[in-house]
Amino acid sequence: MASNSFSICAYLFSVSFVLPHTRGSSHGQTRIIRKAYQQDFYTHMMEECYELWAQLEREAGVKLYRQTGLLVMGPEESQGYQMIKNTLQKNKVPIEILNRDNFSQHIPNVNLALGDGAMVDITAGVLYADRALKTVQRQFEKLGGVIRDNEQVTDVKPGPVVTVTTSAGVYRAKSVVVTAGPWANRLLAHTGLQLPLTVVKINVCYWKEKVPGSYNVKQRFPCFLLTEFEETKDIYGLPSNEYPGLMKICYHGGSETNPDQRDKTTNRSDIDILQRCVACCFPGLVPEPAVVESCLYTLTPDHHFVLDCHPSHSNIVFGAGFSGHGFKFGPIIGKLLCELVLGEVPSYDLSPFRIRRFQDKTKSAL
């Protein structure tokens with residue numbers, strides 16, 4: 001096998017697949033970008049994220065973001081809805097509070113449930129995910145990086161020089177960053193660490209407009225987040241864009257699965273919930289999904305990310321457990337992982353993302 005060094009060139013490995021692929025968490029044409037969070041630290045990070053996405057757009061000459069606004073709905077007195085509202089107001093994020101009298105004037109073809117409040121995170125919108133990934137990969141290569149897709153990493157051996165073995169060769173580096181998504185624990189096991197991560201399969205559903213264009217991004221229809229529906233939390237959607245005449249609406253949860261056997265997981269209970277939600281809240285959609293695709297989330301117990309150094313090997317850094325809401329943070333996560341691997345002081349307080357918060361749940365793999 002070939003032996004290579006990381007000391008001069010940065011390598012990016014794709015786990016087992018040729019890029020682009022649909023077997024992980026980053027495929028698909030669109031993602032929501034927003035500042036609407038319950039936690040201040042995410043809203044603070046998103047300030048710079050917007051700037052970094054815009055910088056990438058300028059450098060690459062590619063449009064990656066479309067402002068649509070994010071409609072947030074939920075029981076007006078509920079903790080979740082109030083926390084989002086308070087965080088946005090405290091951080092002076094531009095929002096518009098809607099009431100029952102003016103709701104349908106601003107947001108046609110949506111029913112606001114009795115007792116629900118509504119507000120719009122004005123700067124939110126759609127990130128063109130597939131386009132963003134291709135752009136980042138091109139910029140990485142332009143700056144001298146090497147992408148090794150379809151080259152499975154089979155071993156990571158810690159030491160003053162880390163040895164990475166793949167299906168095609170052996171590579172050595174003074175430091176390594178592991179961002180393997182659903183396969184994170186499989187690689188970290190070689191370093192003697194297991195994180196409390198759960199991989200779930202999400203049904204990504206698209207719903208047909210009864211009248212074409214009713215929910216179209218070109219008609220300025222917003223993304224949305226419904227904080228509660230029946231006994232369920234967090235149903236979200238994006239205006240019709242990826243498939244003509246189809247709106248993406250999904251439940252932010254799924255069934256536990258093995259990432260290598262995801263197609264064997266066939267639980268559709270979330271689709272039953274979504275059908276009731278669509279029938280109740282979106283009268284202009286046919287309440288039966290026209291297209292169902294899938295995606296993987298890698299969840300932590302608290303649904304916050306893991307960004308940290310290995311507790312025994314500080315030259316191994318990892319990002320994991322993005323829990324279905326990490327894509328929009330991509331530029332800032334890359335910056336933070338870079339700071340960690342270079343031994344620099346992180347730009348943000350990483351205490352919400354350190355593994356020490358899981359002291360009772362983090363296991364040795366030795």
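Please refer to the structure placed before this passage.
Since the model is a prediction, treat every value here as computed from it, not as a measurement.

1. With respect to the pattern of salt bridges
Part 1: Within this structure, the stated rule accounts for nine salt bridges.
Part 2: Across the salt bridge formed by Glu-48 and Lys-335, the nearest N and O atoms sit 2.6 Å from each other. Linking Glu-48 in helix 1 (residues 40–60) with Lys-335 in helix 7 (residues 330–341), this pair joins segments that are 287 residues apart in sequence.
Part 3: A relative accessible area of 16% places Glu-48 in the buried class.

2. Looking at the sheet that holds strand 3 (residues 30–33)
Part 1: Taken in spatial order, the three strands line up as 3-8-4 in an open sheet, and their pairing is antiparallel. The open sheet terminates on both sides in strands that have one partner only, identified here as strand 3 and strand 4 (65–67). If you compare each strand with its neighbour and ignore which way they point, the axes differ by 30° on average.
Part 2: Here strand 4 runs beside strand 8 (residues 125–128); their pairing, made up of three bridges, is antiparallel. Along strand 8, the bridge assignment pairs Arg-66 with Val-126.
Part 3: Relative to strand 3, helix 1 is tilted by about 135°, and along the sheet it contacts strand 3, strand 4 and strand 8.

3. Observations regarding the side chain of Arg-354
Part 1: By secondary structure assignment, the location of Arg-354 is in the loop between helix 7 and strand 23 (363–364).
Part 2: Among the polar contacts made by the side chain of Arg-354, one reaches the side chain of Asp-308 at a distance of 2.7 Å.

4. Considerations on the pairing of strand 8
Part 1: Pairing analysis gives four bridges linking strand 3 to strand 8, with the strands arranged antiparallel. From the neighbouring strand, Ile-33 faces strand 8, where its bridge partner is Gly-125.

5. A word on the sheet that holds strand 22 (residues 316–320)
Part 1: Taken in spatial order, the three strands line up as 13-22-21 in an open sheet, and their pairing is mixed. Here the strands that pair on one side only, and so sit at the sheet edges, are strand 13 (176–178) and strand 21 (306–309). Strand-to-strand, the axes of this sheet are offset by a mean angle of 15°, without reference to chain direction.
Part 2: In terms of strand pairing, strand 13 meets strand 22 through three bridges, oriented parallel.

6. Observations regarding the packing of aromatic side chains
Part 1: If you walk through the whole model with that rule in mind, you get 16 aromatic pairs.
Part 2: A ring pair is formed by Tyr-215 and Phe-221, whose centres lie 5.0 Å apart and whose planes are at 80°; its orientation type is edge-to-face. Both residues of the pair, Tyr-215 and Phe-221, belong to the buried class.
Part 3: Here a set of aromatic residues connected by ring pairs shows up, and it is made of Tyr-37, Phe-41, Tyr-42, Phe-305, Phe-322, Phe-329 and Phe-353.
Part 4: The ring of Phe-327 has Arg-31 lying over it, and the distance from NZ or CZ to the ring centre is 5.5 Å.

7. A word on the packing of helix 1 against helix 7
Part 1: Here helix 1 crosses helix 7 at 100°, and the two axes come no closer than 7 Å. With respect to helix 7, the element helix 1 is oriented roughly perpendicular. Counted together, Met-45, Glu-48, Cys-49, Leu-52 and Trp-53 of helix 1 and Pro-331, Ile-332, Lys-335 and Leu-336 of helix 7 form the full contact between these two elements.
Part 2: Split into classes, the residues belonging to the contact of helix 1 with helix 7 amount to seven nonpolar, no polar and two charged.

8. Details of helix 2 (residues 79–90)
Part 1: For helix 2, with twelve residues, the first-to-last C-alpha span of 16 Å sits near the 16 Å given by 1.5 Å per residue.
Part 2: When we look at burial in helix 2, the residues that qualify are Gly-80, Tyr-81, Ile-84, Lys-85, Thr-87 and Leu-88. Viewed along the axis of helix 2, the buried residues span an arc of 165°, placing them on a single side of the element. Summarising the geometry of helix 2, the exposed residues directed more than 90 degrees from the buried face are Gln-79 and Lys-90.
Part 3: Check the buried side of helix 2 and you find it contacts helix 1, strand 5 (70–75), strand 6 (95–98), strand 7 (116–121) and strand 16 (223–229).
Part 4: Once helix 2 ends, the next one or two residues include Lys-92, with phi positive near 55°.

Conventions used here
- Residues numbered from 1 in each chain as written.
- Predicted model: local features only at pLDDT ≥ 70, side-chain atom pairs only at ≥ 80, totals over all residues.
- Heavy atoms only, no water.
- Salt bridge = Lys/Arg side-chain N within 4 Å of Asp/Glu carboxyl O.
- Helix = DSSP H or I, 4+ residues; strand = E, 2+ residues; numbered from the N terminus.
- Buried < 20%, exposed > 50% of the residue type's maximum accessible area, 1.4 Å probe, protein only.
- Pairing = 2+ DSSP bridges.
- Axes fitted to C-alpha atoms, helices over the stretch in contact; angles between N-to-C directions.
- Contact = heavy atoms within 4.5 Å.
- Polar contact = N/O pair within 3.5 Å; in protein donor to acceptor, adjacent residues only side chain to side chain.
- Phe/Tyr/Trp six-rings, centres within 6.5 Å; stacked < 30°, edge-to-face > 60°.
- Lys NZ or Arg CZ within 6 Å of the ring centre and 35° of its normal.
- Parallel < 35°, antiparallel > 145°, perpendicular 65-115°, else oblique.
- Nonpolar A, V, L, I, M, F, W, Y, C, P; charged D, E, K, R; others polar.
- Expected span 1.5 Å × (residues − 1).
- Arc of directions from axis to C-beta.

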